[in-house]
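Residue-level listing of the chains:
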Amino acid sequence: MQNNIKEIDVKTCYSKILDGEAVLIDVREYNEIKGVSYNVSNRIDIPLSSFANNLSLIPKDKKIIIGCRSGIRSYNVVNYLTQNNYNSIFNLKGGILEWAKEQLPIEGDITTAIH
């Protein structure tokens with residue numbers, strides 16, 4: 001992990017989302033999200049394939065937590081955003097796989113995310 005990349009565990013992430021302190025941005029592709037998704041109200045889906053064209057969707061008044069399947073794509077997005085002067089950006093460690101493992105709310109079937 002690079003020093004400028006901030007990470008957050010799934011339970012802390014869930015707490016911050018429930019408190020309205022943070023927004024979760026899922027960077028998985030829509031076909032992945034259709035199979036299983038983070039079941040939280042403060043979630044924005046911005047697939048990695050169209051991420052650069054949708055930066056305007058990222059709220060500026062909240063902490064932003066980037067999630068994906070396992071934490072790798074989201075790590076790269078956090079690195080990109082950090083290099084482009086975004087603050088309060090966090091990588092969700094373990095992604096939706098860890099989220100489901102900790103029995104946090106999901107919609108769909110987690111087995112669709114296990115390859």
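The rules behind these values
- Residues numbered from 1 in each chain as written.
- Predicted model: local features only at pLDDT ≥ 70, side-chain atom pairs only at ≥ 80, totals over all residues.
- Heavy atoms only, no water.
- Helix = DSSP H or I, 4+ residues; strand = E, 2+ residues; numbered from the N terminus.
- Rg over C-alpha atoms; globule rule 2.2 N^0.38 Å.
- Buried < 20%, exposed > 50% of the residue type's maximum accessible area, 1.4 Å probe, protein only.
- Polar contact = N/O pair within 3.5 Å; in protein donor to acceptor, adjacent residues only side chain to side chain.
- Contact = heavy atoms within 4.5 Å.
- Core = buried A, V, L, I, M, F, W, Y, C linked by side-chain atoms within 4.5 Å.
- Phe/Tyr/Trp six-rings, centres within 6.5 Å; stacked < 30°, edge-to-face > 60°.
- Lys NZ or Arg CZ within 6 Å of the ring centre and 35° of its normal.
- Arc of directions from axis to C-beta.
- Expected span 1.5 Å × (residues − 1).

### A look at the overall build of the protein chain
Now for step 1: If you tally the helices and strands in the protein chain, you get four helices and seven strands.
Now for step 2: Going residue by residue from the N terminus, the α and β elements of the protein chain occur as β-α-β-α-β-β-β-α-β-α-β.
Now for step 3: A globule of 115 residues ought to have a C-alpha radius of gyration of about 13 Å, and the protein chain, at 13 Å, matches this closely.
Now for step 4: With respect to the principal axes defined by its C-alpha atoms, the protein chain has extents near 35 × 30 × 25 Å.
Now for step 5: A buried classification covers 40% of the 115 residues belonging to the protein chain.

### Quick word on the side chain of aspartate 26
Now for step 1: Its location among the elements puts aspartate 26 in strand S2 (residues 22–26).
Now for step 2: Classification of aspartate 26 by relative accessible area gives buried; the value is 0%.
Now for step 3: A polar atom in the side chain of aspartate 26 sits 2.8 Å from the side chain of arginine 28.
Now for step 4: Discounting residues that sit within four places of it in the chain, aspartate 26 has contacts with Ile33, Tyr38, Ile44, Asp45, Ile46, Pro47, Gly67 and Cys68.

### Here we look at the nonpolar core
Now for step 1: Within the largest apolar cluster, 18 residues are counted, with the highest numbers of intra-cluster contacts made by Cys13, Leu24, Ile65, Leu92 and Trp99.
Now for step 2: Of all the elements in the fold, those that place two or more residues in this core are helix H1 (10–18), S2, strand S3 (36–38), strand S6 (89–92) and helix H4 (95–101).
Now for step 3: Not counting chain neighbours up to four residues away, the residues in contact with cysteine 13 comprise Ile8, Leu24, Ile65, Leu92 and Trp99.
Now for step 4: One finds Val27, Ile66, Tyr75 and Val78 within the second-largest nonpolar core, a separate group that totals 16 residues.

### Remarks on the packing of aromatic side chains
Now for step 1: Applying the stated criterion to the full structure yields two aromatic pairs.
Now for step 2: Between tyrosine 14 and tryptophan 99, the aromatic rings sit 5.7 Å apart at their centres with planes inclined by 90 degrees, giving edge-to-face as the arrangement. In this pair, tyrosine 14 sits in helix H1 while tryptophan 99 sits in helix H4, placing the two residues 85 residues apart along the sequence.
Now for step 3: Judged by relative accessible area, which is 0%, tryptophan 99 ranks as buried.
Now for step 4: Linked through ring pairs, Tyr14, Tyr38 and Trp99 together constitute an aromatic cluster.
Now for step 5: In this arrangement the basic side chain of lysine 6 is found over the ring face of phenylalanine 90, its NZ or CZ atom lying 5.1 Å from the centre.

### Topic: H1
Now for step 1: If you check which residues of H1 are buried, you get Val10, Cys13 and Ile17. Around the axis of H1, the buried residues are gathered within 60 degrees of arc, so they sit on the same side.
Now for step 2: Of the surrounding elements, those touching the buried residues of H1 are strand S1 (6–8), S2, strand S5 (63–67), S6 and H4.
Now for step 3: Backbone geometry just after H1 places glycine 20 at a positive phi near 80 degrees.

### Concerning helix H3 (residues 72–83)
Now for step 1: Taking 1.5 Å as the rise per residue, H3 with twelve residues should run 16 Å; its terminal C-alpha atoms sit 17 Å apart, in good agreement.
Now for step 2: Restricting attention to buried positions, one finds in H3 the residues Ser74, Tyr75, Val77, Val78, Asn79 and Leu81.
Now for step 3: Looking one or two residues past H3, asparagine 85 carries a phi angle of roughly 65 degrees, positive in sign.

### As for the side chain of arginine 28
Now for step 1: On the secondary structure map, arginine 28 appears in the loop between S2 and helix H2 (30–35).
Now for step 2: A polar contact is formed between the side chain of arginine 28 and the backbone oxygen of glutamate 32, at a distance of 3.5 Å.
Now for step 3: A polar contact of 2.7 Å, which involves the side chain of arginine 28, links it to the backbone oxygen of valine 36.
Now for step 4: Look past the residues within four positions of arginine 28 in its chain and what remains in contact with it is Ile33, Val36, Ser37, Tyr38, Pro47, Gly67, Cys68, Arg69, Arg73 and Ile96.

All we've got here are geometric facts, nothing functional implied.
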